[in-house]
Every structure is written in structure tokens, then in C-alpha cells.
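Observations on chain architecture
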Amino acid sequence: MEMETVKLSDIVLRWYPEMLPFLKKNELNSMIVLRDGMAILKPTDALEIIQYSICEHQDNTYLQ
């Protein structure tokens, strides 16, 4: 299987469409490289990718 690049929105729509309204546009537009493609991606792996993407897009500023 070859590497595949997909948008996070594709992963969300396939496994967790109910999460779509809660994700920001820039999160959904993130490009994700899947080592073995979407064909063998498991739901637990998809959830981990979504969680990681959310963390990556969090604003690092703190309220004072």
C-alpha cells in the first residue's frame, strides 16, 4: 500500500461525521499523510489523528 495524503475532513466524514460541526475550518483543511492509505485506517487510529490535529491547532496564548 502506498502513502496517501488526505484532508482531515475526509477522515472525519468517513468515521466521525458527528464531530464535523465542532472542528474549525483550519483543522478540517489540515493535510494528513497516511502511511498505508485510508483503506486500512481503523476508527481508533482516525480518532487519534483527529485529536492530534486539534492539539496542533490550539492557540498557545494564555489568558491572564
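Scroll up a little and you will see the structure.
Regarding the packing of helix α1 (residues 8–15) against helix α3 (residues 43–56)
Between α1 and α3, whose axes approach to 10 Å, the crossing angle comes to 135°. In this view, α1 runs oblique relative to α3, as classed from their interaxial angle. Judged by the twist between their axes, the crossing of α1 over α3 is left-handed. Together, Leu8, Ile11, Val12 and Trp15 of α1 and Pro43, Ala46, Ile49, Ile50 and Ser53 of α3 make up the contact between the two elements.

Notes on the pattern of salt bridges
Applying the stated criterion across every chain, the model contains one salt bridge. With a shortest N-O distance of 3.6 Å, Arg35 and Asp36 are connected by a salt bridge. The exposed category is assigned to Arg35, whose relative accessible area is 65%. A relative accessible area of 27% means that Asp36 is categorised as partly exposed.

Some words on the pairing of strand β2 (residues 31–34)
Regular strands show a simple pattern: their side chains alternate between the two faces of the sheet. Of the two faces of β2, only the one carrying Ile32 and Leu34 is buried; Met31 and Val33 on the other face are not. Sheet analysis places strand β1 (residues 4–7) next to β2, joined by four bridges and oriented antiparallel. When the sheet's bridge partners are listed, Thr5 is paired in β2 with Val33.

Considerations on the environment of Ile11
If you trace the backbone, Ile11 turns up in helix α1. The exposure class of Ile11 is buried, given its relative accessible area of 0%. Separated by 48 residues in sequence, Ile11 and Asp59 place their C-alpha atoms 23 Å apart. Sequence-distant contacts of Ile11, defined by excluding residues within four places in its chain, comprise Val6, Tyr16, Ile32, Leu34, Met38, Leu41, Ala46, Ile49 and Ile50.

How each quantity is defined
Residues numbered from 1 in each chain as written. Predicted model: local features only at pLDDT ≥ 70, side-chain atom pairs only at ≥ 80, totals over all residues. Heavy atoms only, no water. Axes fitted to C-alpha atoms, helices over the stretch in contact; angles between N-to-C directions. Helix = DSSP H or I, 4+ residues; strand = E, 2+ residues; numbered from the N terminus. Parallel < 35°, antiparallel > 145°, perpendicular 65-115°, else oblique. Left-handed = near helix turned anticlockwise from the far one by under 90°. Contact = heavy atoms within 4.5 Å. Salt bridge = Lys/Arg side-chain N within 4 Å of Asp/Glu carboxyl O. Buried < 20%, exposed > 50% of the residue type's maximum accessible area, 1.4 Å probe, protein only. Pairing = 2+ DSSP bridges.

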